[in-house]
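# Working through the structure, step by step
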Amino acid sequence: MSDSTEPSHLDRATPAPAGARVATRRSVLLLDRAMSLIIRLGGIGIIVAVLGIFVFILWQILPLFRGAAVELASSGRAPPGARLMLVDEWSERPGFLGADGTLTFIDLVGDAPAESIDLAGRVGAQITAAHLRPTTGTIALGLEDGSFALADVNYRAEFDDGRRRVVPEVNVGAPIDLGGGRGRVLDVDYGDSGRDKVAAAIVEVEGKLEVRAVVLTQRRTLVGAGRIEVRGAFDATPLVGGTPKAVLASSKGDSFLVVTDEGEIDYFFAVDSGFELRQRFSPFEDQPDPRISMAEFIFGDVSLALVGVDGTNRVFSLFVPEGQSVRTWGRTKQFPPLPGPVSAYTKSTRTKAFLVVAGSLASLRFSTTESIRWQEELPFAPRLVAISGKNDRILFVDESSRLHVYALSDPHPEASWRAFFGRIWYEGADRPGFEWQSTGGTDDFEPKLSMVPLLIGTLKGTFYALLFAVPIAVSAAMYASQFAHWKVRAFVKPLMEVMASLPSVVLGFLAALWLAPIIETRVPSVLLMLLLIPSAGVVLGLLWSAAPVAVRNRAGLFGELTVLLCGLLVAGALGWIGGPLLERLVFTVPDPAEPGRRIADFRLWWPAFTGADFQQRNSLVVGFMMGFAVIPIIFTIAEDALSNVPQSLRSGSLALGASRWQTAVRIVLPTASAGIFSALMIGLGRAVGETMIVLMATGNTPIMDFNIFSGMRTLSANIAVELPEAPHHGTLYRALFLGAMLLFLMTFAVNTVAEVLRQHLRERFRTI
Amino acid sequence: MSPTESSITKSTGPAPSTRRRRRIDGGEPLVFLTGMGLAIGLTMITALLALILFKGLEAFWPKRVARIELTPAAAERVGRDVVVAHILGRQEIRGAAHAEGGAGVDEGDPGTELRLQVGNRDLNGMGFMYLPESAIERISHPRGILRLERMEYGPALVEPLELDIAGEPPLSLASEGGIDALERAIRAAAHRRAEIRAIERDQIGGLSRRIESLRMRRRGIEASATPDPAEVASIEARIAELERRYEGLAAESRALRDAQHADTLTYRIDSGREHRIPVGEIVSAERPNALGFFGRLRVFLGNMWSFVVDEPREANTEGGIFPALFGTFVMTLILSVAVTPFGVIAAIYLREYAKDGPTVRAVRIAINNLAGVPSIVFGVFGLGFFVYFVGGSIDTLFFRLSEGPVFGTGGILWASLTLALMTVPVVIVATEEALAAVSRGVREGSLACGASKWQTIQRIVLPAAAPGIITGMILAMARGAGEVAPLMITGVVKLAPTLPLDATFPFLHLDRKFMHLGFHIYDLGFQSPDSEAARPMVFATTLLLIALVVTMNLGAIVIRERLRRKYATGAF
């Protein structure tokens, strides 16, 4: 390269001095190499980091789709012959109720000696039946003399020297008479909602089985809760259809269930005079052997986990069937069958999970999503099972009274593919459906995490936004690129870019607080304007083209646009004024207060005529305001695509005598169609992800319809509403990440299609 | 028949009668239909900007105060003869005739009502009311009515009676001199208020932070394996010393606070009640009806100024928005500092170093697409990655002894980085475009002169591309400044007690939560307890935000146009 600077001689100069003169400084070379490295690393690093967003979000979502992990943590000995096991929140001091009526607590972590409490001695009678409510730690004890007593087990955590010590405390109430004859209590259960309390029992009186129920009250005194007293006793025996086998009292305190040997369940509900038999159902009536092996509540006591003697596993829930007015039990879930009758059962006290044991097979199942979280053939046959309050330990006691403690890790039982995208029969619903409701008022609330209503909401918002924006943006791009003077274009494009830069929070605020109240009372005006403004365009076109050339020429560069703007204003004003007239003519409903009179009000007419809702913050408002966000994007890209069609094509067409409209529609538009399509796609992507406008201008109700006068909840608004409140790494948190992932994928797919189309278009223009 | 053919056949017939038909066939009305699309678009944007401009400026313009005398029947219903209020607007009484049986209102025409801002929320229990026009006897605008802006309870529209300055005889406010004295007293009170704030926020705030950090150190020493009692004692002593200084400052601010209550103003409101408030409670006082045009203009400009420099009052519905403006500014600054180098490096790599091929093209498509990924997705990522992952790790490494999370919760650094990530594609795309516009000849000339690749980039390409890079940076800042959704989950708050940048060490507090203009709009419009009273504030804030964003964008557009003209190479 430096050769040219030297005098050209045929004999070359000796290389040494030339090399020295043109040698690059080492520092320059080093810097060059260093910068190359830095930029390469930095560039690749930034690109990887940017794409890493996808990976990170995916990484946050993945735990949602994992099952439960269960593994053996420790084993030990349980007191022999236990009939019932309960465990504290930290699974340190499990308690066992022996056949002799003693409650024994052992220490699993420390070396505290076993602690025994003689419950039978405390109540003064032999214990013949016992039923544990794990949620409250209450044991209902059935006694030999036809009465029952309540034992409350409370675990207290004491901290000394920074170390936790769990101390069980047992309060035993006085025996409560169940009414009727004396006899052995075979089964008893107690339900307490705080206000209403109910107890039900099966009592063997002189060889016959009687079903009894009592309604209880507890006086509140100044010093605290008083004695529990019987308010009314009820003998359900005559109403029960078969031989009673087990009773279940609802923790709502208003009802109880009697399970019979014949495979039927009788549902008794509290009424003024006692209880009424509200429903009798046979959960396995379609099976060859309809008998019931196990019936127990799932956390919340509105669902029943049922297993037939052949191992069929179903869940029944309380709901109001269509056309009826009271809640009855109906089948909502069907699980894969177990190998045989159930030998042990427990439920989670936090979620809708339950654990059933048949033989040596243990299966942890989740009611809401109808899924098996974990299932394993154990090396022993468990007789008793319990799940700790923190949902992190499962305790099994086998036939030889060995205690096996398993560590359970199931942070997201509510999540599954089906929970997010499938129809689910939620508790209390009369049919399976898609629902989003992440939090509720009570502990036993069932989270509903379906993405479907949010996806529908997103599509709805997008649809109405595009419905409004696409015609305006595409025709504006067409006019600006094909028909307007280039000076008009030079002025319009920056204005549109300013429009694109408007913060969406501003648009949302204007939509909700300024536009929505105006549109609410002026829907007929809006409808009329939709009709008048395009017709004004056509009529003006007719008039303008009929006008003499001299007039048109005098109008100058902005002539057409000025005429159009005037026409728009006039048509708009006409529509605005004419709206109430239209309303009075068409949109009237009969006045309920005064027969014969009609009220002219679109807000009343719409629900009366279509049966759909009318809300102030509705899709019409959202569609209009989203137009501000979407129109400039579509306009800019479409205008670019149209302008970039080679001039030779246009000139050729015009030279052959085609009018400017014909040229535009038949030559330019087809050539640029890919670009316009890509503009629509990018506009779509923007509308899908728009957050603030929909957050502010809709009611954010996750509903599933396409009614233009109702709101919606979109994926993006849902994230903005719920993420600040979602506990870190909880199911909701990850579910919202899933929502973000869906948004990401949707926009990424749409934009990629658009981008590929644009590149394709560029290639095409290069060859023309 | 193909279109061109038909045109040809028609154009051969020059008969004038076919001319009009050809115009129609030629689609001229449809051209106007497309033109209507453009007209609608232009009208929409112009109307929106005009609306915001008008409503935003209107919020600062001093409104006249009307004294409305009621008809006897209405006076009985309302419970007073006279209402003193700002008239905000007129509206149809819609549906009221049906709902309430149309008491005194004609069935066919429900009539109109006035929307009034009556002020005196502390005494009236409400700040706004509606009054049917049929209830009005007479409206006048007496010059003497005084409008007070107060620290609490919003504005008051009053008839001033007496100014009671400590140590001086009571002064009647019927005279001009009285009003001047009142204005002087208000100015003195404002001065004291600033002093109180300086003491309480800056000095006491700095002290308590130091005490807190000393306590943290003490905890650290006590938790260590071998606590040194001497060191603990010295820290104790220093804490005690700081606490003594704290007491001194507290006493000083107490004295100033007492002084704020020394002078009082007595006034009468429209219901006839008399009321006395400390002058320290008054922010400003003016007589809107007595002002001429220039007087109004002065008040207008004054209102604007105090809007920009004051702190918000009354749950953000009154006062200024300085913290939000400042928060937006600092956030945008951090954002641009973070986004520019990375975006430029990535663009240089893509344009100058990477070999053009399917991979680079794919990467370019991916980056273009990232610009279209919804902002909320970046917010979600920011919360998960920056706040919980990075911030949480920083906390466990360096701030284990702190009571609450320091970096493990939303803050200005994380919000800025989230937005930086979101706007990186903007900078990359703009920079690439600018780099591509630098002509090949210039580059090759430089290389031919023996410059290395980096020297070429550094001395030739980058300076030529600088306006383009600046354009990208401005566009990124504009997008970042207007974005709210990602901030809502990464650290913006409705009311931040402290600014992210202040006079206490280390001056820039990256872990602090901050206020933001956009979120301020959202919060005022939707979370405010009194959204009616907040309305002018929202419009004013909107105007400010739009002005910021539009100015930045127009700047970017102007720079880009210049650049295009300079290097007339088209970029698609």
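Residues numbered from 1 in each chain as written. Chains lettered and ligands numbered in written order. Predicted model: local features only at pLDDT ≥ 70, side-chain atom pairs only at ≥ 80, totals over all residues. Heavy atoms only, no water.

### Re helix H13 (residues 412-437) of chain B
Under the 1.5 Å per step criterion, the end-to-end length of H13 of chain B is 36 Å for 26 residues, consistent within 8% with the ideal 38 Å. The largest bend in H13 of chain B comes to about 40°, at threonine 423 of chain B, with the proline proline 425 of chain B one to four residues further on. (Helix = DSSP H or I, 4+ residues; strand = E, 2+ residues; numbered from the N terminus. Expected span 1.5 Å × (residues − 1). Bend = angle between axes of the 7 residues up to and from the residue.)

### A few points about the sheet that holds strand S23 (residues 344-347) of chain A
Residues and elements named next belong to chain A. If you walk across this open sheet you meet the 4 strands as S23-S24-S25-S26, and the pairing is antiparallel. Edge positions in the sheet fall to S23 and strand S26 (371-377), since each has one partner strand and no second. Across this sheet, the average inter-strand angle for adjacent strands is 15°, counted without regard to direction. With 6 bridges joining them, strand S25 (residues 361-366) and S26 adopt antiparallel strand pairing. Opposite leucine 364, over in S26, you have tryptophan 374 as the bridge partner. (Pairing = 2+ DSSP bridges. Axes fitted to C-alpha atoms, helices over the stretch in contact; angles between N-to-C directions.)

### Overview of the interface of chain A and chain B
The interface of chain A with chain B comprises 113 residues on the first partner and 92 residues on the second. Of the roughly 9400 Å² buried between chain A and chain B, counting both surfaces, carbon and sulfur atoms make up 79%. Sorting the residues of chain A by area buried against chain B places Ile39, Phe509 and Trp661 of chain A first, and these three jointly supply 7% of that buried surface. The interface formed by chain A and chain B contains 0 salt bridges. (Contact = heavy atoms within 4.5 Å. Buried area = accessible area lost by both parts, 1.4 Å probe. Salt bridge = Lys/Arg side-chain N within 4 Å of Asp/Glu carboxyl O.)

### Structural notes on the domain arrangement of chain B
Partitioning chain B into structural domains gives domain 1 (66-156), domain 2 (166-262) and domain 3 (323-566). Relative placement of domain 1 of chain B and domain 2 of chain B: their C-alpha centres are 44 Å apart. (Domains from an automatic or database assignment.)

### Observations concerning the sheet that holds strand S1 (residues 66-70) of chain B
Residues and elements named next belong to chain B. What the 5 strands build is an open sheet, ordered S4-S3-S2-S1-S5; its pairing is antiparallel. A strand with exactly one partner marks an edge of an open sheet, and here the two such strands are strand S4 (128-132) and strand S5 (136-140). Put simply, the sheet's adjacent strands are angled 45° from each other on average, direction ignored. Pairing of S1 with S5, which is carried by 4 bridges, proceeds in the antiparallel orientation.

### Section: unusual backbone geometry
Residue and element names in this part refer to chain A. Positive phi is not limited to glycine here, since glutamate 206 has a value of about 50°. The residue asparagine 391 is not glycine, and still its phi comes out positive at about 65°. Note on placement: asparagine 391 falls in the loop between strand S27 (382-387) and strand S28 (393-398).

### Here's the deal with the confidence of the model for chain A
Residues and elements named next belong to chain A. Per-residue confidence for chain A gives a mean pLDDT of 86, with 96% of residues at or over 70. Of all the helices and strands in chain A, helix H1 (residues 15-22) carries the lowest mean pLDDT, 60, while S25 carries the highest, 94. Low pLDDT (under 50) marks residues 1-10, which in the prediction has 5 contacts with non-local residues, meaning those over four places away or in another chain. (pLDDT = per-residue confidence, 0-100.)

### Here's the deal with the packing of helix H6 (residues 486-500) of chain A against helix H12 (residues 619-643) of chain A
All names here are of chain A. Between H6 and H12, the shortest axis-to-axis distance is 8 Å and the interhelical angle comes to 140°. Crossing geometry of H6 relative to H12 is assigned as left-handed. Seen from H6, the contacting residues are Arg489, Val492, Lys493, Met496, Met499 and Ala500; seen from H12, they are Gly627, Phe628, Ile631, Pro632, Phe635, Thr636, Glu639, Asp640 and Ser643. (Left-handed = near helix turned anticlockwise from the far one by under 90°.)

### Some words on the packing of aromatic side chains
The final tally for this structure, using the stated rule, is 58 aromatic pairs over all chains. Note on phenylalanine 105 of chain A and tyrosine 155 of chain A: the rings are 6.0 Å apart at their centroids and 90° apart in plane angle, and the pair reads as edge-to-face. Of the two residues, phenylalanine 105 of chain A sits in strand S4 (residues 102-105) while tyrosine 155 of chain A sits in strand S8 (residues 147-160), which places them 50 residues apart along the sequence. Like tyrosine 155 of chain A, phenylalanine 105 of chain A is buried. A centroid spacing of 5.0 Å and a plane angle of 50° characterise the contact between phenylalanine 468 of chain A and phenylalanine 624 of chain A, whose relative ring orientation is tilted. Taken as a pair, phenylalanine 468 of chain A in helix H5 (residues 452-483) and phenylalanine 624 of chain A in helix H12 lie far apart in primary sequence, 156 residues in all. A relative accessible area of 26% means that phenylalanine 624 of chain A is categorised as partly exposed. In textbook terms, an aromatic cluster arises when at least three aromatic residues are bridged by ring pairs, as seen for Phe56 and Trp59 of chain A together with Phe381, Phe385, Phe386, Phe389, Phe407 and Trp414 of chain B. (Phe/Tyr/Trp six-rings, centres within 6.5 Å; stacked < 30°, edge-to-face > 60°. Buried < 20%, exposed > 50% of the residue type's maximum accessible area, 1.4 Å probe, protein only.)

### Topic: a positive patch on the surface
All names here are of chain B. On the surface, Arg210, Arg217, Arg238 and Arg245 cluster together into a patch of positive charge. Put simply, the parts of the chain that give the positive patch at least two residues each are helix H7 (176-223) and helix H8 (229-260). In this structure, arginine 245 sits in helix H8. Overall, arginine 245 belongs to the partly exposed group, its relative accessible area being 41%. (Patch = residues over 30% accessible without salt bridge, like charges linked within 9 Å, V, L, I, M, F, W, Y side chains within 5 Å. Areas by Shrake-Rupley, 256 points an atom, 1.4 Å probe, with all protein chains shown as cover. Lys, Arg positive; Asp, Glu negative; His and termini not counted. Charge placed at Lys NZ, Arg CZ, Asp CG, Glu CD.)

### Some thoughts on a nonpolar patch on the surface
All names here are of chain A. On the surface, a nonpolar cluster with roughly 390 Å² of combined accessible area is contributed by Leu459, Phe463, Leu467 and Phe706. Looking at the secondary structure, you find phenylalanine 463 in helix H5. The class for phenylalanine 463 is partly exposed, based on a relative accessible area of 43%.

### Concerning the side chain of lysine 493 of chain A
All names here are of chain A. Structurally, lysine 493 is set in helix H6. There is a polar contact of 3.2 Å between the side chain of lysine 493 and the side chain of glutamate 639. At 3.1 Å, the side chain of lysine 493 forms a polar contact with the side chain of aspartate 640. Excluding residues within four positions of it along the chain, lysine 493 makes contact with Phe635, Thr636, Glu639 and Asp640. (Polar contact = N/O pair within 3.5 Å; in protein donor to acceptor, adjacent residues only side chain to side chain.)

### Description of the pattern of salt bridges
Under the criterion given, the structure shown has 56 salt bridges over all chains. When the shortest N-O distance is used, the salt bridge between glutamate 560 of chain A and arginine 660 of chain A registers 2.8 Å. Placement of glutamate 560 of chain A in helix H10 (residues 559-585) and of arginine 660 of chain A in helix H14 (residues 660-671) is noted, with a sequence separation of 100 residues between them. A salt bridge links arginine 90 of chain B to glutamate 133 of chain B, with the nearest nitrogen and oxygen atoms 2.9 Å apart. You can see arginine 90 of chain B sitting in strand S2 (residues 82-92) and its partner glutamate 133 of chain B sitting in the loop between S4 and S5, a full 43 residues away along the chain. What makes glutamate 133 of chain B partly exposed here is its relative accessible area of 29%. Here the salt bridges share partners, and the residues they tie into one network are Arg133, Asp189, Asp301 and Lys347 of chain A.

### Here we look at the pairing of strand S3 (residues 95-98) of chain A
Residues and elements named next belong to chain A. Across the two faces of S3 the burial is the same, with Gly95 and Leu97 and Phe96 and Gly98 all buried. Pairing of strand S2 (residues 82-86) with S3 involves 4 bridges; the strand directions are antiparallel. Residue pairing for S3: leucine 84 is matched across the bridge by leucine 97. Relative to S4, S3 is paired through 3 bridges, and the arrangement is antiparallel. Within the sheet, the bridge partner assigned to glycine 95 lies in S4 and is phenylalanine 105. Where S3 hands over to S4, the hairpin turn is made up of 3 residues, of which glycine 101 adopts a positive phi near 90°.

### Notes on the environment of proline 62 of chain B
Residue and element names in this part refer to chain B. Mapped onto the secondary structure, proline 62 falls in the loop between helix H3 (28-58) and S1. Spatially, the C-alpha atom of proline 62 lies 44 Å from that of glycine 372, the residues being 310 residues apart in sequence. The residues contacting proline 62, other than those within four sequence positions of it, are Glu286, Leu291, Arg296, Val299 and Phe300.

### Let's talk about the confidence of the model for chain B
Do not read the predicted coordinates in detail wherever pLDDT is low. All names here are of chain B. Considering every residue of chain B, the mean pLDDT works out to 82; 91% of them sit at 70 or more. pLDDT under 50 marks residues 1-17. Its contacts with residues more than four places away, or in other chains, come to 12 contacts. Across residues 96-108, where pLDDT falls below 50, the model places 8 contacts with residues more than four positions away in sequence or in other chains. In the predicted assembly, ipTM is 0.86 and pTM is 0.87.

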